[in-house]
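Observations on chain architecture
Given next are the chains, with one letter for each unit.
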Amino acid sequence: MPTLTLGQYDLVYNALSFTIAAMGAAFVFFLLARNTVADKYQRVMVIAAIIVGIAAYHYVRMFSSWSAAFTYSGSAYTPTGELFNEAYRYADWLLTVPLLLVELIAVLHITGQQRRGLIARLVIAAALMVGLGYPGEISSDGATRLVWGTLSTIPFIYILFVLWRDLGVAMARESAEVRVLLRNLRLLLLASWGVYPIAYLLPLLNLDPALALVARQVGYSIADIVAKPAYGLLIYAIARIKTQQAPVGVPEEALEAAG
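About the cut-offs
- Residues numbered from 1 in each chain as written.
- Predicted model: local features only at pLDDT ≥ 70, side-chain atom pairs only at ≥ 80, totals over all residues.
- Heavy atoms only, no water.
- Helix = DSSP H or I, 4+ residues; strand = E, 2+ residues; numbered from the N terminus.
- Rg over C-alpha atoms; globule rule 2.2 N^0.38 Å.
- Buried < 20%, exposed > 50% of the residue type's maximum accessible area, 1.4 Å probe, protein only.
- Contact = heavy atoms within 4.5 Å.
- Areas by Shrake-Rupley, 256 points an atom, 1.4 Å probe, with all protein chains shown as cover.
- Axes fitted to C-alpha atoms, helices over the stretch in contact; angles between N-to-C directions.
- Parallel < 35°, antiparallel > 145°, perpendicular 65-115°, else oblique.
- Left-handed = near helix turned anticlockwise from the far one by under 90°.
- Nonpolar A, V, L, I, M, F, W, Y, C, P; charged D, E, K, R; others polar.
- Core = buried A, V, L, I, M, F, W, Y, C linked by side-chain atoms within 4.5 Å.
- Phe/Tyr/Trp six-rings, centres within 6.5 Å; stacked < 30°, edge-to-face > 60°.

**Notes on the overall build of the protein**
Looking only at helices and strands, the protein has eight helices and two strands in total. Relative to the compact-globule value of 18 Å for 259 residues, the protein shows a C-alpha radius of gyration of 20 Å, a close match. Expressed along its principal axes, the backbone C-alpha trace of the protein runs to roughly 70 × 35 × 25 Å. For the protein, the residues scored as buried account for 47% of the 259 residues in total. For the protein, contacts bridging at least 24 residues in sequence account for 78% of all contacts bridging at least 6. Surface summary for the protein: the accessible area is close to 11,800 Å², and the carbon and sulfur share equals 68%.

Here it is as structure tokens:
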């Protein structure tokens, strides 16, 4: 672990703290918002709450690990000998990234075998994406990091391809208002997920080790806020609109069959 200036240490410290607050607030909101959408979308809000709840827990653990990894020496923060545990992020992503994709599929006009097949393919690809990236994340060797990062990119591209293709088909069956939100959701997903490979590759750019560490942790934190609370708010907005657009008096079974 490198020695950090006061500003560098505090930047990560505050980024982790802010992310905990964002995840916690989103958890409460999604649970309370569950009763404002139709029954068929209430489970979507539960999934959104589970996602940010898992993330909040892991960020609390990372916050404690970061605090334990450094001690203030009077002019800088020096390593204590305890490593900052990066594995918490990957444990979080292994659980939450597949759930993010399930959350998206659940609000689309995709039903039956098509939905089950799509969820299975995306969940497997998401698990591979996260799992393949971890060996490179914990390696200090640049070549190893690049190899595992490249392997992790393959399922990442596959997920984007499937979402763009199948989401485009599903968008055509939605109202104009929902299509706009789905377009924004797709762009948000691309923007937030695009931060992860950039942060992942920072150690390969021959940056100062302290700067690379700080940039990576702050970048991951920002990406997680966008990919979980902000993403969940767009999902909620879609569920609200579709709830308001649903015909009054139509049985739940008929709505489910219609998509």
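**Examining the packing of helix 2 (residues 39-69) against helix 7 (residues 209-245)**
Look at helix 2 against helix 7: their axes get within 10 Å of each other, and the N-to-C directions meet at 165 degrees. Taken together, the axes of helix 2 and helix 7 are roughly antiparallel relative to one another. Classified by chirality, the crossing of helix 7 by helix 2 is left-handed. Residues Tyr 41, Val 44, Met 45, Ile 51, Val 52, Ala 55, Tyr 59 and Trp 66 of helix 2 form the contact with helix 7, whose own contacting residues are Leu 213, Gln 217, Tyr 220, Ser 221, Asp 224, Lys 228, Pro 229, Ile 235, Tyr 236, Ala 239, Lys 242 and Thr 243. A class-by-class count of the residues in the contact of helix 2 with helix 7 yields 14 nonpolar, three polar and three charged.

**What about the nonpolar core?**
Counting residues in each nonpolar core, the largest one holds 61 residues, and the members touching the most others are Leu 104, Leu 122, Ile 159, Leu 182, Leu 185, Trp 193 and Tyr 231. Counting residues per element, the ones that place at least two in this core are helix 1 (6-33), helix 2, helix 3 (87-106), helix 4 (112-137), helix 5 (142-171), helix 6 (176-201) and helix 7. If you look at the next biggest cluster of nonpolar residues, it comprises 18 residues, including Leu 16, Tyr 77, Ala 210 and Val 214.

**Observations regarding the environment of Val 226**
Relative to the helices and strands, Val 226 resides in helix 7. A relative accessible area of 26% means that Val 226 is categorised as partly exposed. Taking the C-alpha atoms as reference points, Val 226 and Thr 144, separated by 82 residues in sequence, lie 29 Å from one another. Once residues within four sequence positions are removed from consideration, Val 226 is found in contact with Leu 188, Ser 192 and Tyr 231.

**Examining the environment of Val 162**
One can find Val 162 in helix 5. Under the relative-accessibility criterion, Val 162 is labelled buried at 0%. Sequence separation between Val 162 and Thr 19 is 143 residues; the distance between their C-alpha atoms is 29 Å. Setting aside residues up to four positions removed in sequence, Val 162 forms contacts with Leu 118, Arg 121, Leu 122 and Leu 167.

**Brief notes about the packing of aromatic side chains**
Per the counting criterion, the structure on display carries 13 aromatic pairs. Ring geometry for Trp 93 and Tyr 220: centres 5.2 Å apart, planes at 75 degrees, overall edge-to-face. A residue pair is termed long-range when its members are at least 10 positions apart, and Trp 93 in helix 3 and Tyr 220 in helix 7 qualify at 127 residues. With respect to class, Trp 93 is no different from Tyr 220; both count as buried. Through a chain of ring-to-ring contacts, three or more aromatic side chains come together here, namely Tyr 9, Tyr 13, Phe 63, Trp 66, Phe 70, Tyr 72, Tyr 77 and Phe 84.

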